[in-house]
Amino acid sequence: MEGFTAALVSVNAFLWGVPMMLLIVGISVYFTVKLKFFQRYLPQAIVLSLKESRSAGVISSFGALVVALAAMVGTGNIVGVAAAISTGGPGALFWMMLCAFLAMATKYAEAVLSVKYREKNARGEYVGGPMYVLKNALHFKKWAMLFAGATALMGFADALIQTNSLAAIYSSALHIPAALTTGVLVLLTAAVILGGIQKIASVCKYLVPFMALLYIAVCLVIMGCHVTKIPGAIVCIFKSAFSGTAVVGGAIGITLQHALRYGVARGVLSNEAGSGSGAIAAAAAQTPNPVRQGLVSATTVFWDTLVICLVSGITVVIAGDWQSGTRFGADLAQHAFSSLPGGAYLLTASLSLFAFSTLVGWSYYTAKSVEFCTGVHAEKWVYPAWLCVMCVGGFLRPQLVWELADTAIAVMCIPNILSLWLLRNEVLQETKTYLAQELRFARK
């Protein structure tokens, strides 16, 4: 297993090299510029996300938003951020935030195209995503199959990630066997996902706001208890972003390349902009035009990365133990929360909710990706297979799980970004046609 992990590390070093970073950041910069600083519409987009529409679709616009957020806001917002800081230094947090700010425009473009080129399946449900964009708009069927296959792989990898992270936390904090944690999580997940997208959306509508507010509140309390350390932490983040840093004793250097690589990779893994997965949920929304759902989808990056990941990262940097070079991921996050009385239990509660929500959201993405490849009846076996994969996740080494996810999401990014570039003028035209109309609606 160690040899396989080492091979994945080498593959990811290539996949997440300079070319991939340029692709992800470049497409975000392009749409930010061509859409004339699209991020300035964030307040109106948030208002639109709370307004219902009676247009055609499977779930409400808000339902699509919370399903996308459920898939995005997972243990990666805690464990993934901690892992990025421990391997890429505090500077990784800076690059994660910068890329997320730019990625709001990418997220918008993905949703616009996915809604425009969605279709009805054999059950009469709207389905869509980058694979349908590649097939229906560009007629790139092989690329569409590649994207769908990579998304399915990422989905199953994510099942491993969430289960693995939660099992590690419960074992470390509460000394609960991994088998028990995994078993309970599998049963709870099954109770939701076997009910389909309507059940998933109805659960996420209440789960996502509650878990996000709980975690943000805990992080703010920890930051308040160490308020004098915040200025130094912010300075450390900025300095490390441009000069790199070193762990205690200087034995292991963290270079600028490390900060960039892990900041961008963990950012994409968290907010999914560039990978296109969130657009699968957007395509199911009840929306009168692609632009409205594009605006709503863009807000997911703000909540996921620019809010939740930011407070999570600052909390870890304040704790200071990232410099030891001996803590990674869940262990580092647990240490950061231990400074608050009962913090270990609050972290466990937050991780439980985050892992559960992501498992629920990504199960839908996986089912729709497999459906694209094999047909509408895929859900009959995808969800049981998903639950079986979860059973394995609690017993794998964390590094292997994260590296596998990095590989899958890199493969997703390539065909998705290709479609965004080739159809960039359609995004701009749709924006020109509907943007003013939707901004007026948001002000009513």
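Conventions and cut-offs
- Residues numbered from 1 in each chain as written.
- Predicted model: local features only at pLDDT ≥ 70, side-chain atom pairs only at ≥ 80, totals over all residues.
- Heavy atoms only, no water.
- Helix = DSSP H or I, 4+ residues; strand = E, 2+ residues; numbered from the N terminus.
- Buried < 20%, exposed > 50% of the residue type's maximum accessible area, 1.4 Å probe, protein only.
- Contact = heavy atoms within 4.5 Å.
- Areas by Shrake-Rupley, 256 points an atom, 1.4 Å probe, with all protein chains shown as cover.
- Core = buried A, V, L, I, M, F, W, Y, C linked by side-chain atoms within 4.5 Å.
- Expected span 1.5 Å × (residues − 1).
- Salt bridge = Lys/Arg side-chain N within 4 Å of Asp/Glu carboxyl O.
- pLDDT = per-residue confidence, 0-100.
- Patch = residues over 30% accessible without salt bridge, like charges linked within 9 Å, V, L, I, M, F, W, Y side chains within 5 Å.
- Lys, Arg positive; Asp, Glu negative; His and termini not counted.
- Charge placed at Lys NZ, Arg CZ, Asp CG, Glu CD.
- Axes fitted to C-alpha atoms, helices over the stretch in contact; angles between N-to-C directions.
- Parallel < 35°, antiparallel > 145°, perpendicular 65-115°, else oblique.
- Left-handed = near helix turned anticlockwise from the far one by under 90°.
- Nonpolar A, V, L, I, M, F, W, Y, C, P; charged D, E, K, R; others polar.
- Phe/Tyr/Trp six-rings, centres within 6.5 Å; stacked < 30°, edge-to-face > 60°.

Colleague: Please explain the overall build of the protein chain as it appears in this structure.
Modeller: For the protein chain, the count of helices and strands is 19 helices and 4 strands. Going through the 444 residues of the protein chain one by one, you find that 61% of them count as buried. Across the protein chain, the fraction of contacts at a sequence separation of at least 24, relative to all contacts at a separation of at least 6, is 85%. When the accessible surface of the protein chain is split by element, carbon and sulfur atoms take 68% of a total near 16400 Å².

Colleague: Help me understand the nonpolar core in this model?
Modeller: Soluble globular proteins: nonpolar side chains tend toward being buried together. Residues F31, Y108, I200, L295 and W386 are the most contacted members of the largest nonpolar core, which totals 152 residues. The greatest single-element share of this core, amounting to 15 residues, is contributed by helix 6 (residues 91–116). Residues within four places of L295 in sequence aside, it is in contact with F38, Y41, A45, L48, Y108, L435 and E438.

Colleague: Honestly, helix 4 (residues 61–72) in this entry has me stumped. Any pointers?
Modeller: Two residues of an α-helix separated by three or four positions point the same way, owing to the 3.6 residues in each turn. For helix 4, built from 12 residues, the straight-helix expectation of 16 Å at 1.5 Å per residue is met to within 8% by its first-to-last C-alpha distance of 17 Å. Along helix 4, the residues classified as buried are S61, F62, G63, A64, L65, V66, V67, A68, L69, A70, A71 and M72.

Colleague: Mind showing me how you'd approach the pattern of salt bridges here?
Modeller: The full count for this structure, using the stated rule, is 7 salt bridges. For the salt bridge of K135 with E119, the shortest nitrogen-to-oxygen distance reads 3.1 Å. Here K135 is found in helix 7 (residues 130–136), whereas its partner E119 is found in strand 1 (residues 119–120), with 16 residues between them in sequence. Residue R123 is joined to E125 by a salt bridge in which the shortest nitrogen-to-oxygen separation is 3.6 Å. A relative accessible area of 41% means that R123 is categorised as partly exposed. Ionic contacts of the salt-bridge type, sharing partners, join the residues R123, E125, K368 and E371 into one network.

Colleague: Could you clarify how one ought to interpret the confidence of the model for the protein chain in this entry?
Modeller: Low-pLDDT stretches of the model should not have their predicted coordinates read in fine detail. Scored by pLDDT, the protein chain comes out at a mean of 83, with 90% of its residues at no less than 70. Mean pLDDT per element in the protein chain: strand 4 (residues 253–254) is the minimum at 48, and helix 7 is the maximum at 96. Per-residue pLDDT stays below 50 along residues 246–253; that stretch engages in 11 contacts with residues further than four places along the chain or on separate chains.

Colleague: How should the environment of R292 be read in this particular structure?
Modeller: Positionally, R292 belongs in helix 14 (residues 290–319). Judged by its relative accessible area of 9%, R292 falls in the buried class. Sequence spacing of R292 and A111 is 181 residues, and the spatial spacing of their C-alpha atoms is 9.3 Å. When near neighbours in sequence (up to four residues on either side) are disregarded, R292 contacts L48, S53, T287, E438 and F441.

Colleague: I'm lost on a positive patch on the surface in this one. Help?
Modeller: A grouping of K34, K36, R40 and K432 is seen on the molecular surface, where their side chains present a positively charged patch. Its place among the elements puts K432 in helix 19 (residues 424–443).

Colleague: I would appreciate a short explanation of the packing of helix 8 (residues 141–174) against helix 17 (residues 379–393) in the present structure.
Modeller: Helix packing geometry: the angle between the two helix axes and the distance between the axes. Two elements in contact, helix 8 and helix 17, have axes whose closest approach is 8 Å; the angle formed by their N-to-C orientations is 40°. Judged by the angle between their axes, helix 8 and helix 17 are oblique. Considering only the axes of helix 8 and helix 17, their crossing is right-handed. Counting all contacts with helix 8, which are made through G155, F156, A159, L160, T163 and N164, the residues of helix 17 involved are V382, A385, W386, V389, M390, V392 and G393. Per-class residue counts for the contact of helix 8 with helix 17 are 9 nonpolar, 4 polar and no charged.

Colleague: What's the story with the environment of A159 in this structure? I'm lost.
Modeller: With respect to the helices and strands, A159 occurs in helix 8. Its relative accessible area of 0% is what places A159 among the buried residues. Along the sequence, A159 and V360 sit 201 residues apart, while their C-alpha atoms lie 9.5 Å from each other. Excluding residues that lie within four positions of it along the chain, A159 makes contacts with L359, W386, V389 and M390.

Colleague: Even after reading the chapter, I still don't get the packing of helix 3 (residues 42–49) against helix 14, so can you show me in this structure?
Modeller: Look at helix 3 against helix 14: their axes get within 8 Å of each other, and the N-to-C directions meet at 105°. Comparing their axes, helix 14 and helix 3 come out roughly perpendicular. Packed against helix 3, whose contacting residues are L42, A45, I46, L48 and S49, the element helix 14 presents R292, L295, V296, T299, F302 and W303 at the interface. Each residue belonging to the contact of helix 3 with helix 14 can be placed in one class, and the counts come to 8 nonpolar, 2 polar and 1 charged.

Colleague: Mind showing me how you'd approach the packing of aromatic side chains here?
Modeller: Summed over the entire model, instances satisfying the criterion amount to 14 aromatic pairs. Between Y132 and F372 the ring centres are 4.9 Å apart and the planes differ by 80°, which places this aromatic pair in the edge-to-face class. A residue pair is termed long-range when its members are at least 10 positions apart, and Y132 in helix 7 and F372 in helix 16 (residues 343–374) qualify at 240 residues. Each of the two residues, Y132 as well as F372, counts as buried. Centroid distance W362 to Y365: 5.1 Å. Interplanar angle 75°. Geometry classified as edge-to-face. One end of the pair is W362 and the other is Y365, both in helix 16 and 3 residues apart, which spans about a single turn. Of the two residues, W362 and Y365, neither departs from the other in class, the shared state being buried.

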